[in-house]
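# Coordinate analysis (summary)
Residue strings, one per chain:
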Amino acid sequence: MSVEDGGAAGLGPPRQARWTLMLLLSTAMYGAHAPLLALCHVDGQVPFRPSSAVLLTELTKLLLCAFSLLVGWQAWPQGSPPWRQAAPFALSALLYGANNNLVIHLQRYMDPSTYQVLSNLKIGSTALFYCLCLRHRLSARQGLALLLLMAAGACYAAGGLQDPGDTLPGSPPAAVAGPMPLHITPLGLLLLVLYCLISGLSSVYTELLLKRQRLPLALQNLFLYTFGVLLNLGLHAGGGPGPGLLEGFSGWAALVVLSQALNGLLMSAVMKHGSSITRLFVVSCSLVVNAVLSAALLRLQLTAAFFLATLLIGLAVRLYYGSH
């Protein structure tokens, strides 16, 4: 099992330990994102502009990459910097930007539960582009593992966590109008399919760039996040009136930005030395971390759906990475 397949059996003990630690840290950061974001709420609302958080995250990643090159943590390529190799990363930034904005617009055409369940189709789209663009073939066993991963995500989204206030006798209803009914419009379904396709394409295309170019990862990230900062700066400036760039930010918000920035850098290393499929498993395993933190910090209750999803994720990992 090679690093390309997401494992580390071919590495020496020190590198294997670093690889494992990197995957565990990324899983923890993914899982902590939603609970940390919930801790930022003031009177039930996020007090800062979402575009501000995205822009500051991209800027933090850019500065960390520049610092890594300046202090010599990664060697600068000999000769003049190959700036012409930066151009392909513009498409990566554009795809990621389109995906982030689609997530926001999708909420207008379906309820959150439907979105959470159906968005797991991006696992299938990522696997499809992974096979087509990188010329990798998945075995039947690996294909079944990815199907189990989609099922686990859908199962968790359908009811892995529950607000204990909903089950207490005499507790007030969450909203006067009652819960939002399950629904999705034809346009919403079309946009959801587009979202899943772009999600898979952006991940696999970025992996292809990172692996084909013989450049230090920090320099490749410098290219990617430069375009990301420019794109998100334009989106933030064109977003209309609202809070200032740092208005409403707290210590929790700063922690969200920093953790997302560090996780983005870890994920780029995973895609360069591992694969987009490994990234899917990291994101899916982070559901367990998210649920445990939500139960501990936000007093939400774990349901039977959570334990079923955890079982399915464990089985999927065993099928995909276990000995054949």
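Criteria and cut-off values
- Residues numbered from 1 in each chain as written.
- Predicted model: local features only at pLDDT ≥ 70, side-chain atom pairs only at ≥ 80, totals over all residues.
- Heavy atoms only, no water.
- Axes fitted to C-alpha atoms, helices over the stretch in contact; angles between N-to-C directions.
- Helix = DSSP H or I, 4+ residues; strand = E, 2+ residues; numbered from the N terminus.
- Parallel < 35°, antiparallel > 145°, perpendicular 65-115°, else oblique.
- Left-handed = near helix turned anticlockwise from the far one by under 90°.
- Contact = heavy atoms within 4.5 Å.
- Nonpolar A, V, L, I, M, F, W, Y, C, P; charged D, E, K, R; others polar.
- 1 Å grid on protein atoms, 1.4 Å probe; cavity = no way out; pocket = protein on both sides within 12 Å on 5 of 7 lines; lining within 4 Å.
- Points joined across faces, edges and corners; volume = space filled by probe spheres on them.
- UniProt positions renumbered as here; feature names shortened; annotations may be inferred.
- Phe/Tyr/Trp six-rings, centres within 6.5 Å; stacked < 30°, edge-to-face > 60°.
- Buried < 20%, exposed > 50% of the residue type's maximum accessible area, 1.4 Å probe, protein only.

## Some details on the packing of helix H5 (residues 121-134) against helix H10 (residues 276-297)
At a minimum axis separation of 10 Å, H5 and H10 run at an interaxial angle of 165°. As summarised for this structure, H5 and H10 are arranged roughly antiparallel, according to the angle between their axes. H10 is crossed by H5, and the crossing has left-handed handedness. From H5, Ile123, Thr126, Ala127 and Tyr130 reach across to H10, where they touch Ser276, Ile277, Leu280 and Ser284. Among the residues forming the contact of H5 with H10, the class breakdown is 5 nonpolar, 3 polar and no charged.

## Considering the layout of surface pockets
Taken as a whole, the second largest pocket holds about 700 Å³ of empty space. Forming the boundary of the second largest pocket are 23 residues, of which Met22, Gln74, Leu217, Leu266 and Ala269 lie nearest the centre.

## Digging into the UniProt feature "transmembrane region" (unreviewed entry) in the chain
Here, UniProt's "transmembrane region" (unreviewed entry) annotation points to residues 20-42, 54-76, 144-162, 182-205, 217-237, 249-268, 280-298 and 304-321. For residues 217-237, the end-to-end C-alpha separation is 30 Å, with 100% helix and 0% strand making up the annotated structure. Across residues 249-268 one finds 90% helix and 0% strand; the C-alpha atoms that close the span lie 27 Å apart.

## Comments concerning the packing of aromatic side chains
Summed over the entire model, instances satisfying the criterion amount to 6 aromatic pairs. An aromatic cluster is defined as three or more aromatic residues linked by ring pairs; in this entry it consists of Phe281, Tyr320 and Tyr321.

## Things to note about unusual backbone geometry
Even without glycine at this site, arginine 135 takes up a positive phi of about 55°. Residue arginine 299 is not a glycine yet carries a positive backbone phi of 60°. If you trace the backbone, arginine 299 turns up in the loop between H10 and strand E2 (301-302). When its relative accessible area of 68% is taken as the criterion, arginine 299 is described as exposed.

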